[in-house]
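# Analysis of the macromolecular model
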Amino acid sequence: MKINIFKYALIAVATVGLSSCAHFLDTPTDTRVELTNPEQLRMLMNASYPQANYAWVGEVMSDNVEDNNTPDADGLRYNLPSYDRGDDEMFRFDQCVSSSRSDSPYGIWEAMYNSIAACNHVLEAAEKIGKQDLSTADRAKLNAVTGEALMLRSYCHFILAQMFCMPYGGVEKSKGLQGILYADTPESTVKPDYERPTLAYTYERIVKDFEDGIKLISNTLYDQPKYHFNLTASYAYGARLFLFMRQYNKAFNYANMALGAPKVEDVEVANPSLRTDPSLFLSDVYSKKGSFFNLSDLGYYQNGSDKQWNFLLYPTYSIALRHQSDGYRYAKIRNALNSTMHGASPAWSRFKWSSSSGKGSSFCMHPCFNPTYINGKSEYGYWCGENIQEFFEYTDKVSGIGYAHETRKEFFGEETLLVRAEAALFLGDSNAALADLDVWEKNRRKCPSAVGKEDTFVDLTIANINDFYVTTLPADRNTSAGYDNGYGIAKEIHIDQICPETDAKVDFKSVEGMLQCIQHFRRIETLETGMRWFDIKRFGLEYSHVVGKEKEVYHLDIEDPRKAVQIPADVVAAGFQPNVRPENLTVKNNTEKAVPIN
C-alpha cells in the first residue's frame, strides 16, 4: 500500500511538472510590447529623442574656452581642477577615455544610436501596420509618425557625422573620408560585424531620409509639437544640413520656409529677393532683461516650448553648465571671452565698458550681454545664461538626489536666419545677406542697457563689415594671431579647401568680409550649445589651445584629423574601425603657433 501511494505521488508531481513546463513554453521569450497600431508608434516616438547633450564636447574643444591654469600676460594663473578628467583630454584634442557621461563622446554616441534604434523599430512596425486596412485618420497618423522617425534618424546620423567624422567635402572628396555606420534596420544578431562606409555614403543616406521624411511630416500629430520634428523644425534642419553641404539653393529655400515663406516645390532654385520678414521668429528676451529676478528665469523663458522662435527642443540628461561654472579650469576667459561676449563688431565697436580687474582697462561688449551672464566666481570665467540652463529632477528631495537635465534648443529662429544669410551671400545677393544680419543685430538693441544710446550704434553696411573683418587682417595672414581688432574674432576661412564642390554663384574671396561677419554672429548666437565646433570644421578654421603652467600648445590645423572626434574606446574594442590618426600628431610647446594670451 505504501508503494502504491508513493507511485501515485510521483505521477502527480510529474503531471504538475509537465503542466508548469507547458506554461513556461507557452510564454513568449520576448516580453517587449508588440507594436500593432499607429498610436503605439506615436507614443514610442515621444521617448525616442536623444538623451545626451553634445554642448560641452563642442564647447571645450572649440575656441570658446581657455585654460584658467595658464599664465596670462601678467603672469597670473589659477590652480583650478577640471570638472572631469575627460575635460583635460578633450581640451588637448586627445581621445576622451576617462568619461562616459552623457556629456562625453561616448554618451553622445550611445544616445544617438539608441535614438536611431527606436526609430528603426518604429519604421519596421510602420511598414507592417501599413499593410493593414486602416481608417483615414489612422493612415494619416501612421504617415506622420513615419515621417518623424525618418527625420529623427536622419538628424541623429547627421550629428554623429558632425562629431565623429571630418567635415563634408562634396561627393568626390567625401568618397575618401571615413563615414559612420548608417543604421537603418533593428539589430537582430549578437555583436554584428559592421564596416565603416565612406562619408559620401553617410550623407547620401542622411539626405534620403530627410527627403523621404519631409513629405510626411505633419504638425497635427502632437499636443506639444516643439518637442518633435514638426514641419518648421524639419525645414530648419534641412537648411542647416544643406548649408553644411554647400548646397545653397536648398539651404536658402528651407531656411526661408522655416521663417514663414510658403512651401517651395523646387528647392533647388532659390530667389533671395523673396525672403520673408523674420521678425516673428526672433526672441524678445532682450527687451525683457529687467524682468528676470534670477538668471535661471532667463533661461527658462528663452527655452520655453510656447515661444515662436523655438522650432525644436528636446530634454537631455546633462550637466554641461557645471563644467564651466563655479570655478573650474576651462572657461570663457581672455581671448575666448574677448572674441565672444566681450567683443566688438562694426555695429557696436563704440560700446566701451570698464574692466572689473582694477587695471584701468576697458573692453567692448554689446549691451544685450548685460546682464545675460553671471558666475559667482566670474574671475574664473563666464557663461551665457539664456542659452544654457539646468533643470533638476529630484528623486529624493530629503536626500537632495536626482537627475540633472538641460533642454537643447536645437533649431531656432536666429540660427536659421543666419543660415539664410549665408546661403543668400553665396547665391550672389549680398544685400539680402546684409538685411538678415541687420535684423539679427538690431533685435539685440532692444535690451534696457541699449535704450537711449542709439547714437552709439552704427548700422551695418557692406563697407564697414569689410573694413572691420578684412582690412585689418595682418598682411602675413598669421591666423593664430587673429585680427588686430578682435582677439581672434575672425580667423582665416578655408571653406573652399574643405568643400570645393558647391552650387555657390560667387567666389569666396569676393564675399570674405560678409562671411566673417556671419561666422562671428553665429559664434555669438550659438554660445554654450556646442555648434561652434561644427562651424570650426566646415569653415576650416585653425587655432591653438594653450595648456597649464608650462604653456603647452596644442594646435589644430585646417584639415587636422583630430577634428573628427575619436570613436569611443568601447566601440573600437567591439570591432568598429577607429578614426585614422597619424603618428606624432599632437603639437606641443610650439610657441610660434600659440594664440597670444591677452
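Attention now moves to the pairing of strand E9 (residues 552–556). Counting buried residues along E9, 4 of its 5 residues qualify, which places the element largely inside the surrounding structure. Across 5 bridges, the pairing between strand E8 (residues 543–547) and E9 is antiparallel. What sits directly across from serine 544, in E9, is histidine 555. Between E8 and E9, which pair antiparallel in sequence order, lie 4 residues; one of them, glycine 548, sits at a positive phi of approximately 70 degrees.

Let's shift gears to the packing of helix H14 (residues 413–426) against helix H18 (residues 512–525). When two helices pack together, their arrangement is given by the angle between their axes and by how far apart the axes lie. Axis separation between H14 and H18 bottoms out at 10 Å; the angle between their running directions is 170 degrees. The angle between the axes of H14 and H18 places the two elements in the roughly antiparallel class. Each of Glu414, Glu415, Leu418, Val419, Ala421, Glu422, Leu425 and Phe426 in H14 lies in contact with H18, whose residues at this interface are Met514, Leu515, Ile518, Phe521, Arg522 and Glu525. Partitioning the contact of H14 with H18 into residue classes produces 9 nonpolar, no polar and 5 charged.

Here we take up the sheet that holds strand E2 (residues 310–317). Pairing within the open sheet is antiparallel, and its 3 strands lie in the order E2-E7-E6. If you trace the sheet from one side to the other, it starts and ends with E2 and strand E6 (390–396), each paired once. Put simply, the sheet's adjacent strands are angled 25 degrees from each other on average, direction ignored. In this structure, E6 lies alongside strand E7 (residues 401–412), joined through 6 bridges in antiparallel fashion. Looking across to E7, one finds that phenylalanine 391 is bridged to histidine 405.

Here the focus is the packing of helix H9 (residues 231–244) against helix H10 (residues 248–258). In contact at an axis separation of 7 Å, H9 and H10 are set at 155 degrees when each is read in the N-to-C sense. The orientation of H9 relative to H10 falls into the category roughly antiparallel. As for the relative orientation of H9 and H10, their crossing is left-handed in sense. On H10, the residues touching Thr232, Tyr235, Ala236, Gly238, Ala239, Phe242 and Leu243 of H9 are Tyr248, Lys250, Ala251, Tyr254, Ala255, Met257 and Ala258. When the residues that make up the contact of H9 with H10 are grouped by side-chain class, the tally is 11 nonpolar, 2 polar and 1 charged.

Moving on to the nonpolar core. Of all hydrophobic cores here, the largest spans 159 residues; its most connected members are Tyr155, Phe229, Tyr237 and Leu241. When residues of this core are assigned to their parent elements, the largest contribution, 15 residues, is made by helix H6 (residues 136–164). Not counting the four nearest positions on each side in its chain, phenylalanine 229 is found in contact with Tyr49, Glu148, Met151, Leu152, Tyr155, Ile217, Ser234, Tyr237, Leu312 and Phe411.

Within this structure, the stated rule accounts for 36 aromatic pairs. Ring geometry for tryptophan 109 against phenylalanine 164: centres 5.2 Å apart, planes inclined by 85 degrees, an arrangement best described as edge-to-face. In this pair, tryptophan 109 is assigned in helix H5 (residues 105–129) and phenylalanine 164 in helix H6, connecting sequence segments 55 residues apart. Residues tryptophan 109 and phenylalanine 164 agree in their burial class; the two are buried. An angle of 50 degrees between the planes, with centres 5.9 Å apart, marks the rings of phenylalanine 229 and tyrosine 237 as tilted. Tyrosine 237 carries the same exposure label as phenylalanine 229, and that label is buried. Through pairs of rings, three or more aromatic residues link up here, namely Tyr49, Tyr155, Phe158, Phe210, Phe229, Tyr235, Tyr237, Phe242, Phe244, Tyr254, Tyr314 and Phe411. Here arginine 246 stacks its cationic end above the ring of phenylalanine 426, 5.0 Å away from the centre of that ring. Positioned over the ring face of phenylalanine 539 is arginine 538, at 4.2 Å from the centre of the ring.

To continue, consider the environment of proline 38. Along the chain, the position of proline 38 falls in helix H2 (residues 38–46). A residue is classified by how much of its surface remains accessible, and proline 38, at 2% relative accessible area, is buried. On a C-alpha basis, the gap between proline 38 and arginine 139 in space is 8.0 Å, while along the polypeptide they are 101 residues apart. Excluding its chain neighbours within four sequence positions, the residues that come into contact with proline 38 are Ile129, Asp138, Lys141, Leu142 and Val145.

Let us now look at unusual backbone geometry. Unusually for a residue other than glycine, arginine 246 sits at a positive phi of about 60 degrees. Looking at where arginine 246 falls in the secondary structure, it is placed in the loop between H9 and H10. Although it is not a glycine, glutamate 528 adopts a positive phi angle of roughly 70 degrees. Mapped onto the elements of the fold, glutamate 528 is located in the loop between H18 and helix H19 (531–539). Given the relative accessible area of 2%, glutamate 528 is considered buried.

About the cut-offs
Residues numbered from 1 in each chain as written. Predicted model: local features only at pLDDT ≥ 70, side-chain atom pairs only at ≥ 80, totals over all residues. Heavy atoms only, no water. Buried < 20%, exposed > 50% of the residue type's maximum accessible area, 1.4 Å probe, protein only. Helix = DSSP H or I, 4+ residues; strand = E, 2+ residues; numbered from the N terminus. Pairing = 2+ DSSP bridges. Axes fitted to C-alpha atoms, helices over the stretch in contact; angles between N-to-C directions. Parallel < 35°, antiparallel > 145°, perpendicular 65-115°, else oblique. Contact = heavy atoms within 4.5 Å. Nonpolar A, V, L, I, M, F, W, Y, C, P; charged D, E, K, R; others polar. Left-handed = near helix turned anticlockwise from the far one by under 90°. Core = buried A, V, L, I, M, F, W, Y, C linked by side-chain atoms within 4.5 Å. Phe/Tyr/Trp six-rings, centres within 6.5 Å; stacked < 30°, edge-to-face > 60°. Lys NZ or Arg CZ within 6 Å of the ring centre and 35° of its normal.

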